[in-house]
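Structural description and commentary
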Amino acid sequence: MQTSFTRQQLYDLVWTHLIKSVAERYGFSDVAFAKMCKRNEIPIPFRGYWAKIQAGKKAPNTPLPLRALGMPEIIELGGHSDPYYRGVPKDLISIDLPPPPKFPESVDQLSDRIRKLVGKVAIPKNFDRAHYAIAKLLGEDQARRLKQQSDRYSFSWDAPHFESPFERRRLRLINALMVALIGLDKKVTMRGKNPSGFEVTIGQQHLSVLIDHPKQERSAYTYPSESNRPASDPLRTRISSSYRISNVQLVWDDVVDSKIEKSIDDIVVNILLAGELQYRQREIHHHEWLVKRKAQLIEEARKQKEEEERLAKERKIKAEQARIDRLLGEAAAFRQAVDIRNYIESVRAMNSHSNDPLPNEEIDAWSSWALAQANRIDPVASKKFLTRDIDDADG
């Protein structure tokens, strides 16, 4: 049963069959299946759609929108669409891998589309409408400030983190980026009491945005020399990805005639662009990994087959040598049996011509015992040679 679908294939499926029947076919509830479609921005028939179709009335389809930034094109039913979490497909050796992923939009076209989506990004001069994470940091700073004012002795680890003009400027820039991204329905998070930046989720892609002095190393307390740092001190903004992303600017630095604030529109655009390009890189790397892994499995299977053939050949040679050794052993045993029988006849003849013969009873008893030994080791008399040939054929 097919478990991987492109967005277009899934869209065609839900607009030609009832969602309930499609969901049941793949082991989902209709509610869970509808949520999966919504998560991947695949529109589903509105309530009453099928009733209109059955009544012979026209009911327009909702067009399939473009894939959202950082979201998958291939949807795995019951599995994870992010290649980072995918395992090795079953029977990879026998699977015909699809061609490398292609993306219809060039980086320039994608950038233009994102720029129109972002528009103009404002940087508020104060924190009256700050993001709640920024507001929390400022509230904690105010508590530190009040503690310092009320304590007889003050310590550097109790000092506010965001007192200096430099820190206020840095927070305004962080706040503007976070607010802009939230306005574009992107999830942003911030960790720590003195963070260098924040994390943003673009579709299924996670990026870090760092905004700080180029040589800054954040700690849990503020040095006295930092409390009056001027706003003119240099700032650097850097987009950090788990993949090497090319064809997009990821770092901005203050320069003499142009501060980072003038590039805030570009920064927001490139954050979104980096999220999409990270998705593309992951898809390309995943496909390359599958191709490489399939080649490895084929090579391992070839070596295993060669090893099995080599071992089988060795077993065959050993079996043939063992058969020859048995044949030689049986021939030797046969000669020994003949020698014993000849020896018995010689003893009887000698005894019959002897001047002092042994009693016939003793000769007969000894002859019977000796003949039994000859018959026991004789492979012809015992038919042991035939038994071994049958065993070899069965083996």
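Residues numbered from 1 in each chain as written. Predicted model: local features only at pLDDT ≥ 70, side-chain atom pairs only at ≥ 80, totals over all residues. Heavy atoms only, no water.

1. With respect to the overall build of the chain
Defined as follows: The numbering of helices and of strands both runs from the N terminus, where a helix is a DSSP run of H or I of at least 4 residues and a strand a run of E of at least 2. We take the radius of gyration over the C-alpha atoms and set the globule estimate at 2.2 Å times the residue count to the 0.38 power. Think of it in three bands: residues with accessible area under 20% of the maximum for their type are buried, residues over 50% are exposed, and the middle band is partly exposed, with areas taken using a 1.4 Å probe on protein chains only. When checking whether two residues touch, look at their non-hydrogen atoms; a contact exists if any pair is within 4.5 Å. Accessible surface is estimated by sampling points in the Shrake-Rupley manner with a 1.4 Å probe; for residues, cover comes only from the protein chains shown. Under the counting rule used here, the positive set is Lys and Arg, the negative set is Asp and Glu, and His together with the chain ends is not counted. Where a charge lies is defined by one atom per residue type, namely NZ (Lys), CZ (Arg), CG (Asp) and CD (Glu).
A count of helices and strands for the chain gives 11 helices and seven strands. A compact globule built from 395 residues would reach a C-alpha radius of gyration of about 21 Å, whereas the chain, at 43 Å, exceeds it by more than 25%. Expressed as a percentage of its 395 residues, the buried residues of the chain come to 34%. At a minimum sequence separation of 6, the contacts of the chain that also span at least 24 residues come to 68%. As displayed, the chain has an accessible area near 25,000 Å², and 54% of this comes from carbon and sulfur atoms. Separation between the mean location of the 63 positive side-chain charges and that of the 55 negative ones in the chain comes to 10 Å.

2. A few points about the pairing of strand E5 (residues 205–212)
Selection rule: Being paired, for any two strands, means DSSP has found at least two bridges between them.
Bridge count for strand E4 (residues 197–202) against E5 is six bridges, and the pairing is antiparallel. Within E5, the residue paired with Glu199 across the bridge is Ser208. Taken together, E4 and the strand that follows it, E5, pair antiparallel across an intervening segment of two residues, in which Gly203 is found at a positive phi of about 65°. Pairing between E5 and strand E6 (residues 236–240): five bridges, direction antiparallel. Looking across to E6, one finds that Ile211 is bridged to Thr237.

3. Looking at the environment of Leu273
Along the chain, Leu273 turns up in helix H8 (residues 264–352). A residue is classified by how much of its surface remains accessible, and Leu273, at 2% relative accessible area, is buried. A sequence separation of 199 residues divides Leu273 from Ile74, and the C-alpha atoms of the two residues are 20 Å apart.

4. A closer look at the environment of Asp185
Its place among the elements puts Asp185 in the loop between helix H7 (165–183) and strand E3 (187–189). Taking the C-alpha atoms as reference points, Asp185 and Pro45, 140 residues apart in sequence, are found 24 Å from one another.

5. Some details on the sheet that holds E6
As a reminder of what qualifies: Every angle, taken between N-to-C directions, lies between 0 and 180 degrees, and every axis is a line fitted to C-alpha atoms, over only the stretch in contact when it is a helix.
Pairing in this open sheet of five strands is antiparallel, and the strands run E3-E4-E5-E6-E7 from one edge to the other. The open sheet terminates on both sides in strands that have one partner only, identified here as E3 and strand E7 (251–253). Strand-to-strand twist of the sheet, defined as the mean angle between neighbouring strand axes without regard to direction, takes the value 15°. With three bridges connecting them, E3 and E4 associate as antiparallel partners. Within the sheet, the bridge partner assigned to Thr189 lies in E4 and is Glu199.

6. Observations concerning the pattern of salt bridges
Rules: Salt bridges are identified by distance alone: a Lys or Arg side-chain nitrogen within 4 Å of an Asp or Glu carboxyl oxygen.
This structure, assessed with the given rule, holds 21 salt bridges. We note a salt bridge from Asp378 to Arg341, for which the minimum N-O separation is 2.9 Å. Of this pair, Asp378 sits in the loop between helix H9 (360–377) and helix H10 (379–382) while Arg341 sits in helix H8, and the two are 37 residues apart along the sequence. Overall, the relative accessible area of 4% leaves Asp378 in the buried class.

7. So, the layout of surface pockets
Heads up, the rule is: Two kinds of site are reported from a 1 Å grid over the protein atoms alone, namely cavities, where a 1.4 Å probe fits but cannot get out, and pockets, open sets with protein on both sides within 12 Å along at least five of seven lines, and residues are called lining when an atom falls within 4 Å of a point. Grid points are joined across faces, edges and corners, and a volume is the space filled by probe spheres set on the points. When residues are grouped by polarity, Ala, Val, Leu, Ile, Met, Phe, Trp, Tyr, Cys and Pro land in nonpolar, Asp, Glu, Lys and Arg in charged, and all others, Gly among them, in polar.
A volume near 450 Å³ is recorded for the second largest pocket. Along the walls of the second largest pocket sit 17 residues, with Glu41, Ala68, Leu69, Leu184 and Lys186 positioned nearest its centre. Of all elements in the fold, only helix H3 (30–39) and helix H5 (107–118) reach the threshold of two or more residues within the lining of the second largest pocket. A class-by-class count of the residues in the lining of the second largest pocket yields seven nonpolar, two polar and eight charged.

8. Points about the nonpolar core
Side chains of a nonpolar character, in soluble globular proteins, are inclined to be buried together. Inclusion rule: Buried Ala, Val, Leu, Ile, Met, Phe, Trp, Tyr and Cys residues form a nonpolar core when they are joined through side-chain atoms within 4.5 Å.
Core analysis: the largest hydrophobic core is formed by 46 residues, its most contacted members being Ile134, Phe198 and Val200. Going through the elements one at a time, H5, helix H6 (132–150), H7, E4, E5 and H8 are the ones with two or more residues in this core. Excluding residues within four positions of it along the chain, Val200 makes contact with Leu181, Lys186, Lys187, Val188, Gln205, His206, Leu207, Val209 and Ile271. Counting residues in hydrophobic clusters, the runner-up holds 18 residues, among them Phe5, Ile19, Cys37 and Ala59.

9. What to know about the side chain of Arg144
Under the convention used in this document: Contacts described as polar in this section are N or O atom pairs within 3.5 Å, which, within protein, must combine one atom able to donate a hydrogen with one able to accept it, while residues neighboring in sequence count only if both atoms come from side chains.
Take Arg144: it is sitting in helix H6. Here Asp141 takes part through its side chain, which lies 2.9 Å from a polar atom of the side chain of Arg144. Each residue touching Arg144, except ones within four places of it in the same chain, is listed here: Asp158, Ala159, Pro160, His161 and Lys193.

10. Comments concerning a nonpolar patch on the surface
Selection criterion: Like charges are joined within 9 Å and nonpolar side chains (Val, Leu, Ile, Met, Phe, Trp, Tyr) within 5 Å, but only among residues with over 30% relative accessible area and no salt bridge; these make up the patches.
Judged by side-chain polarity, Phe334, Val380, Phe385 and Leu386 come together as a nonpolar surface patch covering roughly 340 Å² of accessible area. Residue position: Leu386 is located in helix H11 (residues 384–394).

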